[in-house]
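Commentary on secondary and tertiary structure
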Amino acid sequence: MQIQSLLGKSLLLSLVLFIPEAAIAQVEPIPGGPIPGDSFNLNPNESREFQPFLNNPSGIRKIFSFVGQATNRNENSTNLTIFFDYVDVDGQKKFTPETMSPLLGNNNNPQLISAKYTLDFCPPIVSIDFRASNLPINNISGSFAHLCVQKAPEIPLPNLKFGSPEGGAILVDSIAPKIRFDSTTGKLSFTDVTFNFANLVGNETFDPMFVSDPIIGATMSVTDLTLSGPIGNGFLFKNGILTISKNGQNFLTADIPSLLIDDEALSPFGNNIFGGLEITDFNLSSQFIQDYISFIADNPHSPPELFGRTSIPVTNLIRNNQSFESTLELQSIAASTKVPEPTSTLGLLALGTLGAASTLKRKLKPSQSTEKETTKVS
């Protein structure tokens with residue numbers, strides 16, 4: 001694949017600068033104790049903070065998300081207050097708006113609790129806080145995700161999705177979607193598709209662990225993208241949005257700033273559609289989404305992408321200003337991973353920017369307090 005002549009020095013720089021500095025988020029269990037399924041209780045008006053410490057944060061936004069359960073054994077209904085705090089760029093501790101999770105009375109069954117907030121930068125330290133009102137609350141537990149979203153590369157990198165011989169991860173695929181190009185308007189359209197399997201190794205098998213995951217049967221939608229122009233032997237499209245949802249419940253939303261179509265990527269990479277994803281929202285009620293967020297957080301050199309493979313060659317059709325419709329043999333959300341031994345400039349760049357990443361394991365450190373403090377965290 002000849003790309004050196006089309007990229008130039010400015011693009012080479014952009015391909016390097018988007019790389020995150022370190023693993024900067026993951027999905028944390030709450031309360032994070034050594035016993036699986038552990039939980040904690042709150043007395044009336046009691047607060048508790050769980051605080052992971054992060055290193056070298058970078059990114060365009062921070063998404064806080066918590067989903068869990070709690071029990072209200074009281075006769076009367078009550079509320080559990082959930083909020084997040086963080087250290088801002090000036091080193092000051094700040095607090096997000098509070099979320100009230102109502103808990104019905106006379107109910108010994110676990111009840112759903114959740115909270116979510118997005119910041120427009122990535123702070124170095126974040127926490128999650130819980131506060132009871134005037135009644136005790138029991139058996140509080142759940143999952144807390146704090147994701148620093150990385151800016152997608154200006155030119156999506158043709159690359160292998162995870163599941164390559166270099167290592168496995170998570171993959172969700174759908175069968176028989178279609179892609180359409182309108183040469184008059186320059187619009188690229190994807191039909192809605194239904195996910196029918198998921199696994200942790202990157203192939204096309206259905207892992208039994210996901211048989212009851214609510215994401216199975218969910219619909220993935222991609223809004224129309226607009227043709228930007230040729231790039232090497234392929235074409236670049238701009239400004240799409242990906243959503244995965246089912247029955248009114250949203251599992252994942254992501255911007256697609258740029259999407260590359262290049263038939264010459266089929267031979268080395270097995271796909272000819274590559275769209276970098278900038279995640280804007282996710283739902284931890286899906287175990288797959290928890291695993292996906294954890295993987296891309298712990299492997300910052302493997303950015304999340306939309307992958308696809310058309311059943312016919314399409315780049316010449318776009319070049320000749322011809323409209324077309326093609327079945328997609330495969331469409332997936334996954335992540336880029338290490339390429340084979342490079343034989344082109346692209347291979348060298350991809351290998352250099354998508355190297356191995358280490359996983360940083362963090363522990364939540366609980367501390368009890370009765371009111372919020374605004375002192376600097378160190």
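Residues numbered from 1 in each chain as written. Predicted model: local features only at pLDDT ≥ 70, side-chain atom pairs only at ≥ 80, totals over all residues. Heavy atoms only, no water.

Side note on the overall build of the chain
- Along the chain, the regular secondary structure elements total five helices and 24 strands.
- In the chain, which comprises 378 residues, the share counted as buried stands at 53%.
- Long-range pairs, those at least 24 residues apart, make up 75% of the contacts in the chain with a sequence separation of at least 6.
- Split by element, the accessible area of the chain, about 16,400 Å² in all, is 49% carbon and sulfur. (Helix = DSSP H or I, 4+ residues; strand = E, 2+ residues; numbered from the N terminus. Buried < 20%, exposed > 50% of the residue type's maximum accessible area, 1.4 Å probe, protein only. Contact = heavy atoms within 4.5 Å. Areas by Shrake-Rupley, 256 points an atom, 1.4 Å probe, with all protein chains shown as cover.)

Notes on the pattern of salt bridges
- Enumeration over the complete set of coordinates arrives at eight salt bridges.
- With a shortest N-O distance of 3.2 Å, Glu49 and Lys93 are connected by a salt bridge. Highlighted residues: Glu49 in strand S3 (residues 47-51) and Lys93 in strand S6 (residues 93-95), separated in sequence by 44 residues. Lys93 carries the same exposure label as Glu49, and that label is buried.
- Asp85 is the partner of Lys93 in a salt bridge, and the nearest nitrogen-oxygen pair spans 4.0 Å. The residues Lys93 and Asp85 share a single accessibility class, namely buried. (Salt bridge = Lys/Arg side-chain N within 4 Å of Asp/Glu carboxyl O.)

Description of the pairing of strand S10 (residues 137-149)
- Counted residue by residue, S10 has twelve buried out of 13 residues, so it is predominantly covered.
- Relative to S10, strand S1 (residues 27-30) is paired through four bridges, and the arrangement is antiparallel. Residue pairing for S10: Pro29 is matched across the bridge by Ser143.
- Pairing of strand S2 (residues 40-42) with S10, which is carried by two bridges, proceeds in the antiparallel orientation. By the bridge assignment for S10, Phe40 is matched with Ile140. (Pairing = 2+ DSSP bridges.)

Quick look at helix H3 (residues 287-298)
- End to end, H3 covers 16 Å across twelve residues, agreeing with the expected 16 Å (1.5 Å per residue, within 8%).
- In terms of burial, H3 is a largely internal element, eleven of the twelve residues being buried. (Expected span 1.5 Å × (residues − 1).)

Digging into unusual backbone geometry
- Cis peptide bonds are those with omega within 30 degrees of zero, and the linkage from Ile30 to Pro31 qualifies with 15 degrees.
- Secondary-structure assignment places Pro31 in the loop between S1 and S2.
- The residue Asn106 is not glycine, and still its phi comes out positive at about 55 degrees.
- Among the secondary structure elements, Asn106 is positioned in the loop between strand S7 (99-103) and strand S8 (107-119).
- A relative accessible area of 63% places Asn106 in the exposed class.
- In this structure, Asn239 is a non-glycine residue whose phi angle is positive, near 65 degrees.
- Judged by relative accessible area, which is 60%, Asn239 ranks as exposed.

Considering the state of the cysteines
- Applying the stated criterion across every chain, the model contains one disulfide.
- A sulfur-sulfur distance of 2.4 Å marks the disulfide that ties Cys122 to Cys148. Here Cys122 is found in the loop between S8 and strand S9 (126-132), whereas its partner Cys148 is found in strand S10, with 26 residues between them in sequence. Here Cys122 and Cys148 have matching classes, each one buried. (Disulfide = S-S within 2.5 Å.)

Brief notes about the environment of Arg73
- Along the polypeptide, Arg73 turns up in the loop between strand S4 (61-72) and strand S5 (78-87).
- When the C-alpha positions of Arg73 and Asn107 are compared, they lie 6.0 Å apart, and in sequence the two are 34 residues distant.
- When neighbours within four sequence positions are excluded, Arg73 is seen to be in contact with Asn107, Asn108, Asn138 and Asn139.

Quick look at the environment of Leu103
- Looking at the secondary structure, you find Leu103 in strand S7.
- Residues Leu103 and Asn76, 27 residues apart in the sequence, show an inter-C-alpha distance of 9.0 Å.
- If we skip the residues at most four places from it in the chain, Leu103 touches Ala70, Asn72, Ser77, Thr78, Leu80, Gln111, Ile113 and Ile137.

Quick notes on the pairing of strand S17 (residues 225-231)
- Of the pairings in the sheet, the one linking strand S14 (residues 187-190) to S17 comprises two bridges and is antiparallel in character. What sits directly across from Leu188, in S17, is Leu225.
- By the bridge criterion, five bridges tie S17 to strand S18 (residues 234-246) in an arrangement that is antiparallel. Opposite Gly229, over in S18, you have Leu236 as the bridge partner.
- Once S17 ends, the chain turns through two residues before running back antiparallel as S18, passing Gly232 with a positive phi of about 65 degrees.

Some words on the nonpolar core
- With 48 residues, the main nonpolar core has Leu242, Ile244, Leu259, Ile279 and Phe282 as its most contacted residues.
- With residues up to four places along the chain from it excluded, the contact list for Phe282 reads Ile63, Ser65, Lys116, Ala145, Leu147, Phe251, Leu252, Ile289 and Ile293.
- Counting residues in hydrophobic clusters, the runner-up holds 22 residues, among them Ala70, Tyr86, Val126 and Ile137. (Core = buried A, V, L, I, M, F, W, Y, C linked by side-chain atoms within 4.5 Å.)

Describing the packing of aromatic side chains
- For the structure on display, the rule yields 13 aromatic pairs.
- Ring centres 6.1 Å apart and planes at 80 degrees place the aromatic pair Phe50 and Phe130 in the edge-to-face group. Of this pair, Phe50 sits in strand S3 while Phe130 is found in strand S9, placing the two residues 80 residues apart along the sequence. Across this residue pair, the class does not change: Phe50 and Phe130 are buried.
- On the basis of an interplanar angle of 80 degrees and a centroid distance of 6.0 Å, the ring pair of Phe181 and Phe237 is categorised as edge-to-face. Here the residue Phe181 occupies a position in strand S13 (residues 178-182), and Phe237 occupies one in strand S18, the gap between them amounting to 56 residues.
- With a relative accessible area of 3%, Phe181 lands in the buried category.
- With a relative accessible area of 0%, Phe237 lands in the buried category.
- What links up through ring pairs into an aromatic cluster is the set Phe40, Phe50, Phe66 and Phe130. (Phe/Tyr/Trp six-rings, centres within 6.5 Å; stacked < 30°, edge-to-face > 60°.)

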